[in-house]
Amino acid sequence: MVTRLRQEVWDLDRCSGCGACVAACNKLVLYWGDAQHPLLEERVKHLGLSETILDTCFFCPKLCEAACPRLKEWTPLLPRLQLSARGVGVSPSSDPNGVICNLLVAARAAGLIDGVVIMDVDPWSLQPAARVAVTVAEIADALGMQGLWTPVLDGLNDAVHKLKLRHIAVVGAPCVAEAVRNIRETDEDEGRLSFYRDAIRLSIATFCTGVYMPSLIGDYFERELGISPETIRRLVRSESDGTLTATLYDGGTRTIPLAAIEGYTRKGCAVCGDFVGESADIGVGLVGAEEGYVTLITRSAVGDITIRNAVTLGLLETVEEVDLAALELATVEKERRDRAQAFDDLQLLMLDALSDPQRRAEVRTQLARLYKVPPSAQVKEEKSHVVCSGC
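The structure displayed is predicted, hence computed values, not measured ones. (Residues numbered from 1 in each chain as written. Predicted model: local features only at pLDDT ≥ 70, side-chain atom pairs only at ≥ 80, totals over all residues. Heavy atoms only, no water.)

Novice: Would you explain the overall build of the protein chain in this entry?
Specialist: Each helix and strand in the protein chain was counted, giving 12 helices and 15 strands. Each of the 391 residues in the protein chain was classed as buried or not, and the buried ones make up 50%. Counting only contacts in the protein chain whose residues sit at least 6 apart along the sequence, the fraction spanning at least 24 positions is 67%. (Helix = DSSP H or I, 4+ residues; strand = E, 2+ residues; numbered from the N terminus. Buried < 20%, exposed > 50% of the residue type's maximum accessible area, 1.4 Å probe, protein only. Contact = heavy atoms within 4.5 Å.)

Novice: Sorry if this is basic, but what is going on with a negative patch on the surface here?
Specialist: A surface patch of negative charge is lined by Asp 241, Glu 290, Glu 291, Glu 320, Glu 321 and Asp 323. In this structure, Glu 290 sits in the loop between strand S13 (282-285) and strand S14 (294-298). A residue is classified by how much of its surface remains accessible, and Glu 290, at 38% relative accessible area, is partly exposed. (Patch = residues over 30% accessible without salt bridge, like charges linked within 9 Å, V, L, I, M, F, W, Y side chains within 5 Å. Areas by Shrake-Rupley, 256 points an atom, 1.4 Å probe, with all protein chains shown as cover. Salt bridge = Lys/Arg side-chain N within 4 Å of Asp/Glu carboxyl O. Lys, Arg positive; Asp, Glu negative; His and termini not counted. Charge placed at Lys NZ, Arg CZ, Asp CG, Glu CD.)

Novice: Quick question: what am I supposed to make of the side chain of Ser 16 here?
Specialist: Mapped onto the elements of the fold, Ser 16 is located in the loop between helix H1 (3-10) and helix H2 (20-24). Contacts of Ser 16, omitting those with residues within four sequence positions, involve Pro 69, Arg 70, Trp 149, Cys 175 and Arg 266.

Novice: Would you take a moment to explain the sheet that holds strand S12 (residues 253-257) for this structure?
Specialist: What holds strands together in a sheet is hydrogen bonding between their backbones, with the strands either parallel or antiparallel. Taken together, the 3 strands give an open sheet; going across it, the order is S10-S11-S12, and neighbouring strands pair in antiparallel fashion. This sheet does not close on itself; its edge strands, each paired only once, are strand S10 (232-238) and S12. For this sheet, the mean angle separating the axes of adjacent strands, direction not counted, is 20°. Here strand S11 (residues 243-248) runs beside S12; their pairing, made up of 5 bridges, is antiparallel. (Pairing = 2+ DSSP bridges. Axes fitted to C-alpha atoms, helices over the stretch in contact; angles between N-to-C directions.)

Novice: How do you make sense of the environment of Glu 362 when you look at a structure like this?
Specialist: In this fold, Glu 362 is placed in helix H12 (residues 360-370). The spacing of Glu 362 and Met 350 is 12 residues in sequence and 9.1 Å in space, taken between C-alpha atoms.

Novice: What is the right way to read helix H10 (residues 301-312) from this model?
Specialist: In an α-helix, one turn spans 3.6 residues; hence positions three or four apart end up facing the same way. Helix length check: H10, at 12 residues, gives a terminal C-alpha distance of 16 Å against a target of 16 Å (1.5 Å per residue), a fit within 8%. Next to the buried residues of H10 lie strand S5 (81-87), helix H4 (96-109), strand S9 (200-206), S13, S14 and strand S15 (316-319). Gly 314 sits one or two positions beyond H10 and adopts a positive phi of about 75°. (Expected span 1.5 Å × (residues − 1).)

Novice: How should the packing of H4 against H10 be read in this particular structure?
Specialist: Geometrically, a packed helix pair is captured by the angle between its two axes and the distance between the axes. Following both chains from N to C, one finds H4 and H10 inclined at 85°, their axes separated by 9 Å at the closest point. The angle between H4 and H10 falls in the class roughly perpendicular. Residue-level contacts link Asn 102, Leu 103, Ala 106 and Ala 107 of H4 to Thr 306, Ile 307, Asn 309 and Ala 310 of H10. Its residues placed into classes, the contact of H4 with H10 shows 5 nonpolar, 3 polar and no charged. (Parallel < 35°, antiparallel > 145°, perpendicular 65-115°, else oblique. Nonpolar A, V, L, I, M, F, W, Y, C, P; charged D, E, K, R; others polar.)

Novice: What is the right way to look at the confidence of the model for the protein chain in this model?
Specialist: Close inspection of predicted coordinates is inappropriate in any region flagged by low pLDDT. For the protein chain, the average pLDDT comes to 84, and 85% of its residues sit at 70 or higher. Highest mean pLDDT in the protein chain belongs to H10 (97); lowest belongs to H12 (65). (pLDDT = per-residue confidence, 0-100.)

Novice: Please explain the pattern of salt bridges as it appears in this structure.
Specialist: In a structure, side chains of opposite charge can pair up when their charged atoms sit close to one another. Throughout the structure, instances matching the rule amount to 12 salt bridges. Across the pair Asp 158 and Lys 162 runs a salt bridge whose closest N-O atoms are separated by 3.4 Å. One end of the pair is Asp 158 and the other is Lys 162, both in helix H6 (residues 156-162) and 4 residues apart, which spans about a single turn. Across the pair Arg 181 and Glu 185 runs a salt bridge, and its minimum N-O distance is 3.2 Å. You can call Arg 181 buried: its relative accessible area is 12%. Ionic contacts of the salt-bridge type, sharing partners, join the residues Lys 72, Arg 181 and Glu 185 into one network.

Novice: What is the right way to read unusual backbone geometry from this model?
Specialist: Glycine aside, the phi torsion of most residues is negative, and most peptide linkages are trans. At Asp 13, a residue that is not glycine, the phi angle is positive and equals roughly 55°. With respect to the helices and strands, the residue Asp 13 is situated in the loop between H1 and H2. Even without glycine at this site, Lys 164 takes up a positive phi of about 60°. Here Lys 164 lies in the loop between H6 and strand S8 (168-172).

Below is the structure:
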């Protein structure tokens, strides 16, 4: 069984929905259903009239747990460049989608990447889905609704094993960038994670305060606003203004407050503390940017090269003015969620202490730290008289 995933992530609604565990599953027994997290396929062995439920994870290295970004504490990568930028040329734009498009088109034209794993919308079902874009036209066509949730990393298998791509860019929310960083840092010499590690060249994260479930389009835009899903060309979220703007194919726009659609946010986003892509090669968003520009933050040499390449090819215009105070506010919000995550961890610790009295002292220490009160006086080591302790 995937014990840690189930107990520490799925059962606590901490799943980010990045898709890393499904992509990493050696036995292909993890899949997406209607839940907020992947489901484990149940297989039954029939012998005569008897039925035995098989442990589908038996003799498995549990690469799903190794890939999950929620099972690791993250230290932010240090910023290298902080710029304001806007797209020119192919996609003249001052919104994050357009700037990302130009960065990727320039990287593809220069041979820095040979494909992109990204969120797209299925033209028939109008539901978001992971897509592998290989040509410049596919890259430009796929960018549009980055605020909606889809397990982006589901596309890694097609990119690496079917299309044989070896220089992949991955675009998604900061949690996707954390999963990519996790994969890149794996030290395994063989298996699915090593194939993905060797193939991923670049990760780009959009600034994010939470991704929305696909039902946002049908339930809110169509039923509440009367906007048909097929008429929506692009969604642009502005954390600084607290709005979501839908650009329609007829050229019109509709702007709604983020507070009105908060209920469509994925549950797992509540425990995320990364708003600006602190594990990505490049973070892209509106917070801190000059008027008419987008903020770019690089955290690796790969990110620097990607931006420099786009500027050289005339697809990106940059200025050095960035409102660092506005970016600092995102850090304050991150600290608030980090504290919420600490309480989440304390909940797990308290459950463990029910069957392990030796951990009760650790619970008291954590309580004192979180509530900022001096720890109580030394208490003699507790002895359990419960005969079923640990049963």
